[in-house]
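One letter stands for each residue in the lines below.
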Amino acid sequence: MKVEIKPDIYLVGAIDWAVRDFHGYVTPNGTTYNNYLIMDEQITLVDTVKHDFVRHTLKNIMSLTDPSKIVNLIINHIEPDHASSVDRIMSLAPDATIYITSKGKKGLDRHFDTSKWNFRIVKTGDTINTGKYTLTFLETPMLHWPDSMMTYVNEAKLLISQDAFGQHLATSARFDDEFIENASLCELEDSIIDYYANILMPFGQLIKSKLSEVQKLGLEIDMIAPDHGIIWRKDPGSIMQKYLDMADGKANLSISLIYDTMWNSTERMTIPIMQGIKDEGLDCKVIKLRSTPMSAAIKEFWKSRGCLIGSPTLNNILFPSVAEFLTHLRGLRPKNRIMGAFGSYGWGGGAVKEAYEEFKRMKLEVLEPGVEVLYRPSMDDESKCYEFGGDFAKKVKEYHKNFE
Ligand code: FEO
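Model, not experiment: these values are computed from the prediction. (Residues numbered from 1 in each chain as written. Predicted model: local features only at pLDDT ≥ 70, side-chain atom pairs only at ≥ 80, totals over all residues. Heavy atoms only, no water.)

Student: What's the story with the overall build of the protein chain in this structure? I'm lost.
Tutor: Across its full length, the protein chain carries 13 helices and 24 strands. Its C-alpha atoms give the protein chain a radius of gyration of 24 Å, within 12% of the compact-globule value 22 Å for 404 residues. Overall, the protein chain is about 80 × 40 × 35 Å in size when its C-alpha atoms are taken along their principal axes. Within the protein chain, the fraction of its 404 residues that count as buried is 56%. When the accessible area of the protein chain is evaluated, it comes to approximately 17200 Å², of which 50% is carbon and sulfur surface. Within the protein chain, the 55 negative side-chain charges are centred at a point lying 2 Å from the centre of the 47 positive side-chain charges. (Helix = DSSP H or I, 4+ residues; strand = E, 2+ residues; numbered from the N terminus. Rg over C-alpha atoms; globule rule 2.2 N^0.38 Å. Buried < 20%, exposed > 50% of the residue type's maximum accessible area, 1.4 Å probe, protein only. Areas by Shrake-Rupley, 256 points an atom, 1.4 Å probe, with all protein chains shown as cover. Lys, Arg positive; Asp, Glu negative; His and termini not counted. Charge placed at Lys NZ, Arg CZ, Asp CG, Glu CD.)

Student: What's the story with the domain arrangement of the protein chain in this structure? I'm lost.
Tutor: Many authors give the size of an interface as the accessible area that is lost as the parts come together. When its domains are assigned, the protein chain resolves into domain 1 (3-247) and domain 2 (256-403). Centre-to-centre separation of domain 1 and domain 2, based on C-alpha positions: 38 Å. Each partner contributes residues to the interface: domain 1 has twelve residues there, and domain 2 has twelve residues. Considering only the surface of domain 1 that becomes buried against domain 2, Asn198, Met201 and Pro202 emerge as the three largest contributors, covering 45% of it. In this assembly, domain 1 and domain 2 are joined by two salt bridges. With its nearest N and O atoms 2.9 Å apart, the salt bridge here joins Asp190 to Lys303. For the pair domain 1 and domain 2, the number of links is five residue pairs in polar contact (both at pLDDT 80 or more). Mapped by element, the contributors of at least two residues to the side of domain 1 that touches domain 2 are β5 (25-26) and α6 (185-200). (Domains from an automatic or database assignment. Contact = heavy atoms within 4.5 Å. Buried area = accessible area lost by both parts, 1.4 Å probe. Salt bridge = Lys/Arg side-chain N within 4 Å of Asp/Glu carboxyl O. Polar contact = N/O pair within 3.5 Å; in protein donor to acceptor, adjacent residues only side chain to side chain.)

Student: Any chance you could explain the pairing of strand β13 (residues 134-139) here in plain terms?
Tutor: For a regular strand, the rule is simple: side chains alternate between the two faces of the sheet. Here β13 lies mainly inside the structure; five of its six residues are buried. Relative to β13, strand β12 (residues 127-129) is paired through three bridges, and the arrangement is antiparallel. Residue pairing in the sheet places Asn129 in a bridge with Thr134 of β13. If you look at the hairpin formed by β12 and β13, you'll find four residues sitting between the two strands, and Gly131 has a positive phi there, around 135°. (Pairing = 2+ DSSP bridges.)

Next up, the structure:
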């Protein structure tokens, strides 16, 4: 997929149509590994690709130049989907200099024998001149790894943003306007939210401060080229604003209801709860955990202001799939969401209590108490569930006002 994105700057990466399990994150639309070749006086490659795809990028590079002519190799991020073919590139261009952050160098040393490679450690504001282009480095530690940085091509007003502003989308479109024309804005937005929720949710405050740093540096950006998915050429400001909104906790005034069930008792509670929510005028997305990939459930959680968790009690604690979801969610450090819980039990409860303990560990707002039913929901229990759904919807509406 060799594409000239700016004069003499080419996308030379690979499309991975088939990947569905991206280190545990389900990618129903595949992904791409984007890297960029700057055909200037000093030929410069920005990032590599996942090692399985090295022949794709080499083919693209060889259609432009002999890889041995690469003078500079910039490594913005050392996660293996971008850096696991560095050794192959260096075997073809052994005299190239690698530009990388100090933490990136330490990580690369753990993956490869780097003893014969030339390095220059860079930090924010450092530049190199490749001929007609000047490249400025911008460290972005913990967005999303300690080694992360971005590369700004001054004269092209191009920000090569590594993982940031990406999406896991394998598509024949290479640019935002192409994708929107051929698919839809909704599909693109869904991919952005999915990616942000599963990868960047913990880093909202860092995102805000880094974007403010970009503004203070006065970088004019008319194209953002991430390492996954489509390139933002029509409206790069829109994706930056979307990230700021998500970092500020923007969510729909709606509720996700995420549950699992053993003998359908907890599942039967979802119907009156959902009806109670709906009768208060809010939309409610119901997700059964064992029927839904974890990353899709995380995305639905993130979209809505409120979330109800349903779990049967198994051996006095949460049902395993629900415990797994809550543990995964805790690692993502969610903010600005309100939670409640419900569930069924046989002889001794425990799941609902444990769910509330998890919500409090995550420092999320809650509506207490939740609803628990013994064995099967009776007519009376169903009325309690309906009321709980309505009360939760009212609480979500009230809480949402803090973000308007
Ligand atoms: Fe796409 Fe953090 O790697």
